[in-house]
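Okay, here's what each chain looks like letter by letter:
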Amino acid sequence: MKKIARLLASAGFFSRNNKTHSLDQDMYVKSGLFDANWYLSVNEDVRARGLDPLQHYQQFGWREMRDPSPHFSIWTYLTLYPRVRELGIDPLKHFILFGAREYRIPNPAFDPTWYAQEYMRTSVSSLTPLEHFLAVGGESGYWPHPLFDPKWYAASIGRPAITATEAYLHFLRRGCLANPNGFFDNNYYLGENADVTKSGLSPITHYYLFGGFEGRNPSESFQSQWYLKTNPDVASCGINPLRHYLHKGQQEGRLTRPPSTLSAKGLFSELASFRLASFMRSDAYIAFPTKDGMPDVTVVIVLYNRANLSFECVDSLCKVAHASPDLNIETILFDNGSSDETEQWLKRLRGVKIVRSPDNIGYLKAVNHCAAHARGKYLLLLNNDTQVMYGSIEAAHRVIDSDATIGAVGGLLVLPDGTVQEAGCTISKDGGCTGYGRGLALSDPEVMFRRKVDYCSGAFLMTRTDLFRSTGGFDEAYAPAYYEDADYCVNLWRRNYKVVYEPTAAVIHFEFGSASRKWAEEQQLKNRQLFVRKHGAYLETRCAPDQANSPAARFSVRPEHRILLIDDCVPFPWKGQGLPRSKALLDSVVAQFAETGQIFLCLTNKGDLDWTEIRKVVDPRVELRITDGCEKIALALAEFCPDVTFVSRPHNMRMFNAALDDHPEAAGSSKIIYDAEALFAVREARKQKLYGHPLSDSQVDSLLNEETAVAQRAEIILAASSIERAIFEQRSSKPTFVIGHAIDSHLTATSFDQRSGFLFVGAIHADDAPNADALLWFFENVWPIIVSRLGASARLKVAGRNFSEEVAVQCPSGVELLGPVPDLQPLYEEARVFIAPTRFSAGIPLKVLEASGAGLPCVITEQLREQLGWRNGHEALVGSDAEQFAEQCINLYQNRQLWASVREAAHQSVQSAYDVSAFRRTVELALAQVIEHADTGQVSRDAPQVL
């Protein structure tokens, strides 16, 4: 202990002179582990007294157990490392000087040892694990702790788009008392283990370091002792059981607890009975929200016994109603002569209308009775053996309210085992009705897009109240039940109303909850005969019985055209890499064909499909598929039978060609459009020349020939610029259209004097990516010149995801790496100059166009000037080397008149050459050529262009 004390003394731990305090302050600031604003926000007394937060922490705060930032927990550190407590020293200072390099735990949500083993083994880094996570790992989605799942946590707090860093900070700021993953329940763990509270450790830390090995369970759904006993290989390795399950066991299919002997439906019913019994033992009641004015939606539920299932349905509806503040929901319950506990729990409801019938008049007649008294504009029919998911009623309402020709909207029905019951229904020629997608996973792309269908089940069916009444409601010839929903939807189609399936309107459906399967099947058979007699002419237009579950049968209306697009991934604009242009291309196809045709987007990169995020950028009527391989591409072509197939990027066209080489029949009569996106050979040649390895003319020519040759099967080529169009036309007879970017330009109003600082926008995907090269060159060669001339006013903000450790490490003073920024408009409003120091690339620089469209003038390189066809000093200032680039930045930053003229010229150029409507017109012309000339096989070479 004395030896350690001497070592600490030599490091200045016990010194109280001003010089040491000043050095300590510099150390704290540089470490990033002291957050002055946060310290003041959680210590009101310090803020109220106007004290310097860092000085207060040094003199008093750490002794009073006041944390310096969310990243460092004094209590956790001293509890885990009692020798630091015994020495009576500042734990943060100890961590900075010793603990960080010794991989000591700084807070409950970060394990440096595990993090380094998981993410830093393959790279040599000067950063500590915590620094690495904050600089690089968080943006890359890395887990900071083996029990903290950032993606799950982000979804659990309703913010699925946030980064791992943001999720980690949110968890820490909530005192680590939220649940860190789907198998850890803080309240359960604390409730079962009273000693954990006394230990002073957070639940996640206690379980991770001690509780898991002691056989304590993190939640009801995970049994630690059973997992270790069942998996001796895990026990022998000394690994926390939940850590193993989350990172290996889950993928290997290992169980979290002993398997239940009950079926999914049995468990569903048993839990419903347990919840109803608990409710009846309590003094609780269920109160629906009440609002003034006419309801938007009237929900009708018919009850007949099965009190447990009915209770779950009504309880779920009440929660959804409270969570839907923008909807005025009226609820009518019709009790069809129930003889079980239904009457007792109905007495505990508030804010609903209850209709009681002494006898069971049947489902159909009960619905018609309630519909006659409904006040809502829309009528939602809901089975009593369903549980409504949050957002479902809003989703259905949003769809039906958006189009007066939509007569009804149905949703995704989910079985208790977590698979699809139906995603819309098909009707075959013999009157058979089939729920599409039964047994598929809930996230399967086949059930995750909106489409027009033959009919949707009455288990969840929203329709127009006046339309339901005017058509006579459900035909009582089908009483007491079955086939009435199919009959109603066919009547809608025959009156030129559409029936639409909406996947985000979802309910869990017990199925046959109020009737035995045998009786239901007998009733279906009887009513099917009536249905066939009534709708014989309509049924002639339907599919054959053996095709009821085929892809074509999913759609009620034969499409005019089928358009298939093949690209790398979902076109999230914030990812860069040409994806904003891909999104504009997809949007153009959607605008032209979504209503009358079918659109398929095939992704060649396999990855997680986050449907919440996908539907923010991809129209809900577009069907997605993963086609990561030649065989899957061939299968997609054979299944979808597209009239037109877009293939983007050369590597995808090579895969497409390989698929057709192996399966030439798969393409059928599809006309192919090759979207080059950019000529990558051009970018590679520029990169090699820049790095001192110039390619010969013959080598460049060979690369270009190889890349352009992939388009031989195409009818039309789409190029990103006039320069690249010329290269294609030199090597191919195919007509080539120029489609650059679609910029929705809005001139920002902020004046020159109201602005300050520089701005760079772009995702940085790797150390050797164009944006990484641009910034590293700018940091080293240009920024020092700007700082020397502008002084403290020189500030640069970099917006975009950063996966380059080198950029994070080399980032100089005065430069702020913001990470992903969902809305760039405020940055365009505040910055004075936009920089684009790109030294090698292909295509058209989108971010320069977006900045110019927003009225933010740019300094660009000569290469970008050539790509854009702009003039130096007119639409932008151009720098050919570091000194000239810096001079142009300073000139544009200081010269008000020059700034205004460049801003105006660039904005006009973007408006005239990159207009969204012009982009769409060019896409329409390209499609028209291949569609109109499909019979002759001749396509005009007179291709228009949008720069």
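Residues numbered from 1 in each chain as written. Predicted model: local features only at pLDDT ≥ 70, side-chain atom pairs only at ≥ 80, totals over all residues. Heavy atoms only, no water.

## Describing the overall build of the chain
Across its full length, the chain carries 42 helices and 28 strands. A compact globule built from 947 residues should have a C-alpha radius of gyration of about 30 Å, and the chain, at 32 Å, falls within 12% of that. When its C-alpha atoms are laid out on the principal axes, the chain stretches across 90 × 80 × 55 Å. Buried positions account for 55% of the 947 residues belonging to the chain. Considering only contacts within the chain whose residues lie at least 6 apart along the sequence, 73% involve residues at least 24 apart. (Helix = DSSP H or I, 4+ residues; strand = E, 2+ residues; numbered from the N terminus. Rg over C-alpha atoms; globule rule 2.2 N^0.38 Å. Buried < 20%, exposed > 50% of the residue type's maximum accessible area, 1.4 Å probe, protein only. Contact = heavy atoms within 4.5 Å.)

## Remarks on the environment of serine 263
Take serine 263: it is sitting in the loop between helix 18 (241–249) and helix 19 (264–281). The class for serine 263 is partly exposed, based on a relative accessible area of 45%.

## Remarks on empty space enclosed by the protein
By the definition in use, this model includes three cavities of 30 Å³ or more. If you add up the space inside the largest cavity, you get close to 80 Å³. Lining the largest cavity we find Leu565, Ile566, Asp567, Cys569, Pro571, Ser582, Leu585, Leu586, Leu601 and Ser648. Among the elements of the structure, strand 15 (562–567) and helix 28 (579–593) are those that each provide at least two residues to the lining of the largest cavity. For the lining of the largest cavity, the residue count by class is seven nonpolar, two polar and one charged. What lines the second largest cavity is simply Val682, Arg686, Ser721, Ile723, Glu724, Ile727, Gly843 and Gln867. Within the residue set of the lining of the second largest cavity, elements represented by two or more residues are helix 32 (680–690) and helix 34 (722–731). If you tally residues by element for the lining of the second largest cavity, the top one is helix 34, at three residues. (1 Å grid on protein atoms, 1.4 Å probe; cavity = no way out; pocket = protein on both sides within 12 Å on 5 of 7 lines; lining within 4 Å. Points joined across faces, edges and corners; volume = space filled by probe spheres on them. Nonpolar A, V, L, I, M, F, W, Y, C, P; charged D, E, K, R; others polar.)

## Comments concerning the pattern of salt bridges
For the structure shown, the criterion picks out 45 salt bridges. The residue lysine 498 makes a salt bridge to aspartate 403 at a minimum N-O spacing of 2.7 Å. Taken together, the positions of lysine 498 in strand 14 (residues 498–509) and aspartate 403 in the loop between helix 23 (392–401) and strand 8 (406–414) put the pair 95 residues apart, joining distant regions of the chain. Overall, lysine 498 belongs to the buried group, its relative accessible area being 13%. For lysine 583, the salt bridge goes to aspartate 587, with nearest N and O atoms at 2.7 Å. Remark: aspartate 587 and lysine 583 occur in helix 28; sequence separation between them is four residues, near one turn of the helix. According to the relative accessible area criterion, lysine 583 is buried, its value standing at 18%. (Salt bridge = Lys/Arg side-chain N within 4 Å of Asp/Glu carboxyl O.)

## Focus on the pairing of strand 3 (residues 329–336)
Summarising burial for strand 3: eight of the eight residues are buried, a large majority. With burial as the criterion, each face of strand 3 is covered, one bearing Ile329, Thr331, Leu333 and Asp335 and the other bearing Glu330, Ile332, Phe334 and Asn336. In this structure, strand 2 (residues 297–303) lies alongside strand 3, joined through seven bridges in parallel fashion. Bridge pairing in strand 3 links valine 297 to isoleucine 329. By the bridge criterion, five bridges tie strand 3 to strand 5 (residues 353–357) in an arrangement that is parallel. When the sheet's bridge partners are listed, isoleucine 332 is paired in strand 5 with lysine 353. (Pairing = 2+ DSSP bridges.)

## Focus: the packing of aromatic side chains
How two aromatic rings sit relative to each other is set out by the distance from centre to centre and by the angle between their planes. Within the structure shown, the criterion is met by 44 aromatic pairs. Seen in terms of ring centroids, tyrosine 39 and tyrosine 57 are 6.1 Å apart; in terms of plane orientation they differ by 90 degrees. Their pairing is edge-to-face. Residue tyrosine 39 is located in helix 3 (residues 36–42), and its partner tyrosine 57 is located in helix 5 (residues 53–61); the two are separated by 18 residues in the primary sequence. The exposure class of tyrosine 57 is buried, given its relative accessible area of 0%. With a centroid separation of 5.8 Å and 85 degrees between ring planes, the pair formed by phenylalanine 311 and tryptophan 345 is classed as edge-to-face. Note that phenylalanine 311 is positioned in helix 20 (residues 307–322) and tryptophan 345 in helix 21 (residues 342–346), a separation of 34 residues in sequence. The class for tryptophan 345 is buried, based on a relative accessible area of 0%. Of the aromatic side chains, those joined through ring pairs into one cluster are Phe110, Trp114, Tyr115, Tyr119, Phe133, Tyr142 and Tyr168. (Phe/Tyr/Trp six-rings, centres within 6.5 Å; stacked < 30°, edge-to-face > 60°.)

## Considering the sheet that holds strand 23 (residues 796–799)
Ordered by their spatial adjacency, six strands build an open sheet running 24-23-22-25-26-27, and the pairing between neighbours is parallel. Looking at the sheet topology across the chains shown, the edges are occupied by strand 24 (815–819) and strand 27 (877–879). Mean inter-strand twist for the sheet, computed between neighbouring axes without regard to direction, equals 25 degrees. Here strand 23 runs beside strand 24; their pairing, made up of four bridges, is parallel. Each residue of the ladder has a partner; that of valine 798, found in strand 24, is leucine 817. (Axes fitted to C-alpha atoms, helices over the stretch in contact; angles between N-to-C directions.)

## Some details on the state of the cysteines
Summed over the entire model, instances satisfying the criterion amount to zero disulfides. Free of any disulfide, cysteine 569 has its nearest neighbouring cysteine sulfur in cysteine 602, separated by 14 Å. Given the relative accessible area of 19%, cysteine 569 is considered buried. Cysteine 889 supplies the cysteine sulfur nearest to cysteine 811, a cysteine that is in no disulfide, at a spacing of 16 Å. (Disulfide = S-S within 2.5 Å.)

## What to know about the nonpolar core
Val589, Ile599, Leu624, Phe646, Leu718 and Leu927 are the most contacted members of the largest nonpolar core, which has 77 residues in total. Of all hydrophobic cores here, the second largest spans 61 residues; its members include Met27, Ala109, Phe133 and Leu246. (Core = buried A, V, L, I, M, F, W, Y, C linked by side-chain atoms within 4.5 Å.)

## Things to note about the packing of helix 40 (residues 882–894) against helix 41 (residues 896–913)
Running from N to C, helix 40 and helix 41 point in directions that differ by 100 degrees, and their axes come no closer than 5 Å. Considering their axes alone, helix 40 and helix 41 lie roughly perpendicular with respect to each other. Listed contacts from helix 41 to Asn891, Leu892 and Gln894 of helix 40 are Arg896, Leu898, Trp899 and Val902. Classifying every residue of the contact of helix 40 with helix 41 by side-chain character gives four nonpolar, two polar and one charged. (Parallel < 35°, antiparallel > 145°, perpendicular 65-115°, else oblique.)

## A look at the packing of helix 28 against helix 42 (residues 916–932)
Two elements in contact, helix 28 and helix 42, have axes whose closest approach is 9 Å; the angle formed by their N-to-C orientations is 65 degrees. Crossing handedness for the pair helix 28 and helix 42: right-handed. Facing Arg581, Ala584, Leu585, Asp587, Ser588, Val589, Ala591, Gln592 and Phe593 of helix 28, the residues of helix 42 in contact are Phe919, Arg920, Val923, Glu924, Leu927 and Ile931. When its residues are assigned to classes, the contact of helix 28 with helix 42 shows nine nonpolar, two polar and four charged. (Left-handed = near helix turned anticlockwise from the far one by under 90°.)

## Brief notes about the UniProt feature "domain: Glycosyltransferase 2-like" (unreviewed entry) in the chain
Here, the residues flagged by UniProt with the feature "domain: Glycosyltransferase 2-like" (unreviewed entry) are residues 298–423. Note that residues 298–423 is 33% helix and 33% strand, and that its end C-alpha atoms are spaced 23 Å apart. (UniProt positions renumbered as here; feature names shortened; annotations may be inferred.)

## Observations regarding helix 42
Think of an α-helix as turning once every 3.6 residues; residues three or four places apart then point the same way. Spanning 17 residues, helix 42 covers 24 Å between terminal C-alpha atoms, matching the ideal 24 Å at 1.5 Å per step. Turning to helix 42, its buried residues number three or more, namely Ala918, Phe919, Thr922, Val923, Ala926, Leu927, Gln929 and Val930. (Expected span 1.5 Å × (residues − 1).)

## Considerations on the side chain of asparagine 186
Examined against the element boundaries, asparagine 186 turns out to sit in helix 13 (residues 186–192). A polar side-chain atom of asparagine 186 sits 2.2 Å from the main-chain carbonyl oxygen of alanine 178. If sequence neighbours within four positions are ignored, asparagine 186 has contacts with Cys176, Leu177, Ala178, Asn179, Pro180, Pro203 and Ile204. (Polar contact = N/O pair within 3.5 Å; in protein donor to acceptor, adjacent residues only side chain to side chain.)

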